[in-house]
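So you can see what is in the structure, the chains are spelled out below.
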Amino acid sequence: MPEIIINDQRIQAEEHKPLIETLRKQGIEVPALCYHPALSPAGECRLCAVQAVYPDKPAQIKLSCVIKPVEGMEIHTDNDQVQRARTTAFRNLAKFAPESTKIRRMAEKHGIDMGPPPDECIRCRLCIRACRELVGANALKIEKRNGTRYIVPRAGNRCIGCGTCASICPTGAIRQEDQNGLRVIYIRDEIIGQNPLIQCESCGRYFATPKFLSRIEQRTGDHPHVKEHHRYCPTCAKLLSDRIKSASRMKKI
Ligand code: SF4
């Protein structure tokens, strides 16, 4: 049995077996996804990287599922070089499987920073600009959290629940959910705004939030028809408006 040094400890290694077997036997946790003891090693996931120092050779990063113990070799399983190699390997795997919680959990367990989880937001700021420039609510901002920029709601419950940000978002990262008379606007699992919906006085459909309607009222001045019909959904308001128009035409005839 070859004698090797693992993390400054001399041990008798498993002869003719991949190094990862010795490491595991010693209770050293080495991440690996493509290794199976019943199959020939492939070194595809590259997570099981270790630093190996062969006698009279410089230190190198090697895959512990591929190399076999050699008398006098020195192995490090948790230094900066190993962490760097594993970080690269974890991030490469996450590119293939960005939704995999298993990969993220494994990386976390091994102290690897995987960066922010994908949230579909491309940081184009269309939502922020639309909310400020078109709606006038200014309910969104960009904020740095753990070194990464995120779209987040501004403090003060400013969202009026108009849904413009959800409609204009080019990747669908912002969601609008209308349920049981409530409109909730989300990004990731974070609530941007939560507003009750009111029902159309004609058809009974939930269609808009009171805050949004009062914003429309403020912006549209004193147009008599708009004021008069502001509790109707767009479809019913249109029908009513058409009826009023044709009634006034009839009067003129
Ligand atoms: S739903 Fe809220 S956050 Fe989105 S544009 Fe309207 S006011 Fe702004």
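Residues numbered from 1 in each chain as written. Predicted model: local features only at pLDDT ≥ 70, side-chain atom pairs only at ≥ 80, totals over all residues.

### Digging into the environment of glutamine 176
- Within the element layout of this structure, glutamine 176 appears in strand S8 (residues 174–179).
- In sequence terms glutamine 176 and arginine 129 are 47 residues apart; their C-alpha atoms lie 18 Å from each other.
- Ignoring anything within four residues of it in the chain, the contact list for glutamine 176 reads Gly163, Ala166, Arg183 and Ile185. (Helix = DSSP H or I, 4+ residues; strand = E, 2+ residues; numbered from the N terminus. Contact = placed C-beta atoms within 7 Å.)

### Quick notes on the domain arrangement of the protein
- According to the domain assignment, the protein contains domain 1 (3–109), domain 2 (126–196) and domain 3 (199–252).
- Relative placement of domain 2 and domain 3: their C-alpha centres are 26 Å apart.
- Taken residue by residue, the interface counts 8 residues in domain 2 and 5 residues in domain 3.
- Taken together, the residues of the side of domain 2 that touches domain 3 break down into 3 nonpolar, 3 polar and 2 charged. (Domains from an automatic or database assignment. Nonpolar A, V, L, I, M, F, W, Y, C, P; charged D, E, K, R; others polar.)

### Topic: the site of the ligand
- The ligand sits among 16 residues. The nearest are Cys131, Ala137, Cys159, Cys162 and Cys165.
- Mapped by element, the contributors of at least two residues to the shell around the ligand are helix H4 (126–135), helix H5 (164–168) and strand S10 (190–196).
- When residues in the shell around the ligand are grouped by element, the largest group, 3 residues, is from H4.
- Partitioned by chemical class, the residues of the shell around the ligand number 12 nonpolar, 4 polar and no charged. (Near = placed C-beta within 6 Å.)

### Describing the environment of proline 2
- Tracing the backbone shows proline 2 in the segment before strand S1 (3–6).
- Taking the C-beta count within 10 Å as the criterion, proline 2 has 16 such neighbours and is therefore assigned partly exposed.
- Taking the C-alpha atoms as reference points, proline 2 and glutamine 12, 10 residues apart in sequence, are found 5.9 Å from one another.
- In this structure proline 2 touches Ala13, Glu15, Pro69, Val70 and Glu71, once residues within four positions along its chain are discounted. (Buried ≥ 20, exposed ≤ 12 C-beta atoms within 10 Å, placed from the backbone.)

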